[in-house]
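Coordinate inspection notes
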Amino acid sequence: MRIRLIAVGRKMPKWVTSAYADYAARLPRECRLELVEIAPGMRKQASDAAKAIAAEDERMTRAIGRDEHVIALDVDAKAWSTQALANDLRDWMADGRDRAILVGGPDGLCPRVSAAAHERWSHRLATA
């Protein structure tokens, strides 16, 4: 099974690439984690945010595999715990279907791509 983390951003800081490598190494051998970086849209003024999000949405939509189960990270979605994530990972491996986890840019995901996802998770962890 493959999990693709499709994220808006380029040239991540060293601490991000280090944390990514650490988490990728912790996954079972049967589960491959891949990072797909999407170029951010151009933002020069506040009014450019909608155009930037639309450009990011187009690139992100093209990056999603045809048969992937899509999970959008969205601040307003349900929070999840580490235990819930571990349970989901176990279920995903039993299912065998590839997953795509979408991470938006500084202004978040385009509402269209978020609404089209099979699931929406908050980046905030649940407290229970």
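Look up: the structure comes first, before these words.
Anyway, here's the lowdown on the structure attached to this text. (Residues numbered from 1 in each chain as written. Predicted model: local features only at pLDDT ≥ 70, side-chain atom pairs only at ≥ 80, totals over all residues. Heavy atoms only, no water.)

**Section: the environment of A115**
Test applied: Strands here mean DSSP runs of E at least two residues long; helices mean DSSP runs of H or I at least four residues long; both are numbered from the N terminus.
Take A115: it is sitting in helix α4 (residues 111–116). For the pair A115 and W80, spaced 35 residues apart in the sequence, the C-alpha separation amounts to 18 Å.

**Observations concerning helix α2 (residues 49–63)**
Threshold: Multiplying 1.5 Å by the helix residue count minus one yields the expected span of that helix. Per-residue accessibility, obtained with a 1.4 Å probe over protein chains only, is compared with the maximum for each type, and a residue is labelled buried under 20%, exposed over 50%, and partly exposed between these values. This arc is built from the directions going out from the helix axis to the C-beta atoms.
For α2, which comprises 15 residues, the first-to-last C-alpha distance of 21 Å matches the rise-based estimate of 21 Å (1.5 Å per residue) to within 8%. Those residues of α2 lying buried are A49, A52, I53, E56, D57, M60 and A63. One face of α2 carries all of its buried residues, which in axial projection span an arc of 140 degrees. Seen from the buried face of α2, the exposed residues on the opposite side, beyond 90 degrees, are A50, K51 and R62.

**Things to note about the pairing of strand β2 (residues 32–38)**
Note on strand geometry: in a regular strand, side chains alternate between the two faces of the sheet. To keep it simple, the criterion reads: Pairing between two strands requires that DSSP report at least two bridges joining them.
Here seven bridges tie strand β1 (residues 2–8) to β2, and the two strands are oriented parallel to one another. Counted as the bridge partner of V8 is I38 from β2.

**Let's talk about the layout of surface pockets**
Note the following rule: The pocket and cavity definitions rest on a 1 Å grid over protein atoms only: a 1.4 Å probe that fits but cannot leave marks a cavity, an open set with protein on both sides within 12 Å along at least five of seven lines marks a pocket, and residues lining either have an atom within 4 Å of a point. Grid points are joined across faces, edges and corners, and a volume is the space filled by probe spheres set on the points. Residues are sorted three ways: Asp, Glu, Lys and Arg are charged, Ala, Val, Leu, Ile, Met, Phe, Trp, Tyr, Cys and Pro are nonpolar, and all the rest, Gly among them, are polar.
Size it by volume and the largest pocket reaches roughly 1,300 Å³. As for the largest pocket, its lining consists of 35 residues, and the residues nearest its centre are L5, L73, W80, I101 and V103. Where the lining of the largest pocket is concerned, the elements lending two or more residues are β1, α1 (14–26), β2, β3 (69–80), α3 (82–95), β4 (99–103) and β5 (119–125). Taken together, the residues of the lining of the largest pocket break down into 26 nonpolar, seven polar and two charged.

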